[in-house]
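# Structure at a glance
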Amino acid sequence: MSEQERFIDFNRPYMTGKELYYIAEAHFMGKLAGDGPFTKRCHAWLQKNLNCDRAFLTNSCTAALEMSALLLDISPGDEVILPSFTFVSTANAFVLRGAVPVFVDIRPDTLNLDEKYLPFALTERTKAIVPVHYAGVSCDMDPIMALAKERGIHVVEDAAQGIISTYKGKFLGTIGHLGTLSFHETKNVICGEGGALLVNEPGFVQNAEIFREKGTDRSRFFRGEVDKYSWQSIGSSFLPGELVAAFLWAQLEEADSIIGKRRKIWDYYHQILEPLEKSGLLRRPIIPDYCNHNAHMYYVLLDKRLDRDIVLAKLKSKGIQAVFHYVPLHSSPAGLKYGRCSGEMTVTDATSESLIRLPLWIGMTERDQDRAFDILKSL
Ligand SMILES: *Cc1c(COP(=O)(O)O)cnc(C)c1O
């Protein structure tokens, strides 16, 4: 294959080049367990750059969502409102505590939870709303927060895809009472498997420390606030080791530049695909004025007359790996068993069937993107 005919993977993780250097530093320091110097640097970075009260590294966004369910004291029979068009962890973390996920449909523009359905989904059992910022594009948080306040319930933002994106100038994950980030290899800023819990309600900080450290007050012990640490409550091991934090540090240092590079690629797709939207072949992402996004993903919604699987196969046969996304939760086996729908899932179902994600990774060229365009144009 000549260079311009190379196979374009859907994703290739980007390395800044300093990851192994920092891992070696952790190795030489001989500090390998969690909450060492690199974890502290990552916490400080998140707190300063995202402007949040407290950040805690976790083993994944899934773990941060599980911590959220513990912090909200989710108990059997409680209800949690979330979109069906999301990753399984958004629901699973709460189902593990016995909650019933109540699915609402998504907005046709951003593909985020449609806030106008929330009043109909609320019951006296509702404990929390979990908005998901799909593709790093924010939900309309003001009405969600206002409703939560009025009803005395909590909001956990699933900002797995949303690092450094903003809603009306505020970073995603810092608007709800709790927010969660992912550093999974497929996200913008990565460490393999990793995540963070952002605590924006000071009342949750102490329990967050305890639940994350196996249900002990070890964090207070390390700060010299107690002379021994002991079992305080339920908890688990939600913290990553220092090798992971060292890797992540190399990425956080470069986070703004990573997002700048991704934005160039995203913007170029947006520009070249405009004529195909005009001709009715597909719909491009819609970014509301209230959002500044991090270019996590470039998706298109194919017109109804196109068969999505055939389009994906055609792209692949010409060397471009595009992929579909979420199988809706409400109609999956576990969703049927544990959850219920509030209202119709029309937009969720239609989106799930027509959405494709195009390759987007640092190192792609405009030529690679033009190849994807040429294939789509000829559909
Ligand atoms: C990636 C993702 C998760 C899970 O993140 P992990 O770090 O892999 O646990 C959860 N929710 C959404 C919306 C995601 O995109």
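Residues numbered from 1 in each chain as written. Predicted model: local features only at pLDDT ≥ 70, side-chain atom pairs only at ≥ 80, totals over all residues. Heavy atoms only, no water.

Within the largest apolar cluster, 61 residues are counted, with the highest numbers of intra-cluster contacts made by L46, Y134, L181, F183 and L252. Among the elements that take part in this core, helix α9 (residues 242-253) stands out by supplying 7 residues, more than any other. Shared between two domains, this core takes at least three residues from each, and those domains are domain 1 (19-253) and domain 2 (255-377). Those residues within four positions of L252 in sequence are excluded, and the remaining contacts are C42, W45, L46, I163 and V189. Of all hydrophobic cores here, the second largest spans 33 residues; its members include F56, M67, L82 and A128. (Core = buried A, V, L, I, M, F, W, Y, C linked by side-chain atoms within 4.5 Å. Buried < 20%, exposed > 50% of the residue type's maximum accessible area, 1.4 Å probe, protein only. Helix = DSSP H or I, 4+ residues; strand = E, 2+ residues; numbered from the N terminus. Domains from an automatic or database assignment. Contact = heavy atoms within 4.5 Å.)

It is worth spelling out the site of the ligand at this point. The full set close to the ligand counts 15 residues, and T62, D158, Q161, S182 and K187 are the nearest of them. Within the side chain of Q161, a nitrogen or oxygen atom sits 2.8 Å from an oxygen atom of the ligand. Bound to the protein, the ligand loses 92% of the 390 Å² it would expose on its own. Looking at the shell around the ligand residue by residue, the class counts come to 5 nonpolar, 8 polar and 2 charged. (Near = heavy atom within 4 Å. Polar contact = N/O pair within 3.5 Å; in protein donor to acceptor, adjacent residues only side chain to side chain. Areas by Shrake-Rupley, 256 points an atom, 1.4 Å probe, with all protein chains shown as cover. Nonpolar A, V, L, I, M, F, W, Y, C, P; charged D, E, K, R; others polar.)

One way to put it is that helix α3 (residues 61-71) packs onto helix α4 (residues 88-95) with a least axis distance of 8 Å and a crossing angle of 35°. Between α3 and α4 the crossing geometry is right-handed. In this structure, α3 uses T62, L65, E66 and A69 to contact α4, whose residues at the interface are S89, T90, A93 and F94. Of the residues assigned to the contact of α3 with α4, the class counts are 4 nonpolar, 3 polar and 1 charged. (Axes fitted to C-alpha atoms, helices over the stretch in contact; angles between N-to-C directions. Left-handed = near helix turned anticlockwise from the far one by under 90°.)

On to the domain arrangement of the protein chain, then. Looking at the protein chain, the domain boundaries give domain 1 (19-253) and domain 2 (255-377). For domain 1 versus domain 2, the separation of C-alpha centres amounts to 25 Å. Each partner contributes to the roughly 3,500 Å² buried at the junction of domain 1 and domain 2, and carbon and sulfur atoms together form 59% of this total. At the junction of domain 1 and domain 2, the tally comes to 1 salt bridge. At the level of elements, β2 (79-83), α4, β3 (100-104), α5 (118-121), β6 (166-167) and α9 are the ones that each hand at least two residues to the side of domain 1 that touches domain 2. Among the elements that take part in the side of domain 1 that touches domain 2, β3 stands out by supplying 5 residues, more than any other. (Buried area = accessible area lost by both parts, 1.4 Å probe. Salt bridge = Lys/Arg side-chain N within 4 Å of Asp/Glu carboxyl O.)

Our next topic: the packing of helix α1 (residues 19-29) against α9. With their axes 8 Å apart at the nearest point, α1 and α9 run at an angle of 140° to one another. Our classification of the angle between α1 and α9 gives oblique. For the crossing formed where α1 meets α9, the hand is right-handed. Of α9, the residues touching α1 (which contributes E19, Y22, I23 and A26) are L243, A246, F247, W249, A250, Q251 and E253. For the contact of α1 with α9, a count of residues per class yields 8 nonpolar, 1 polar and 2 charged. (Parallel < 35°, antiparallel > 145°, perpendicular 65-115°, else oblique.)

Here we come to the state of the cysteines. The final tally for this structure, using the stated rule, is 0 disulfides. Not engaged in a disulfide, the cysteine C52 finds its nearest cysteine sulfur in C42; these two sulfurs lie 13 Å apart. Unpaired in this structure, C291 has its nearest cysteine sulfur neighbour in C139, at a distance of 9.6 Å. For C291, a relative accessible area of 10% translates into the label buried. (Disulfide = S-S within 2.5 Å.)

In this structure the tally under the stated criterion is 24 salt bridges. In this structure, the salt-bridge partner of D78 is R125, at a minimum N-O distance of 3.7 Å. Highlighted residues: D78 in the loop between α3 and β2 and R125 in the loop between α5 and β4 (126-129), separated in sequence by 47 residues. For R125, a relative accessible area of 41% corresponds to the partly exposed category. Here E225 makes a salt bridge to R223, at a shortest N to O gap of 2.6 Å. Judged by relative accessible area, which is 44%, R223 ranks as partly exposed.

In terms of burial, β3 is a largely internal element, 4 of the 5 residues being buried. Sheet topology places β2 next to β3; 5 bridges connect them, and they run parallel. Its bridge partner being in β3, V80 is matched across the sheet by P101. Between the parallel pair β2 and β3, the chain is carried across by α4, and the sense of this crossover is right-handed. Two strands pair when backbone bridges link them, and β3 and strand β13 (residues 340-341) are joined in this way by 2 bridges, in the parallel orientation. Counted as the bridge partner of V102 is R340 from β13. (Pairing = 2+ DSSP bridges. Right-handed = clockwise from strand over helix to strand, strands pointing away.)

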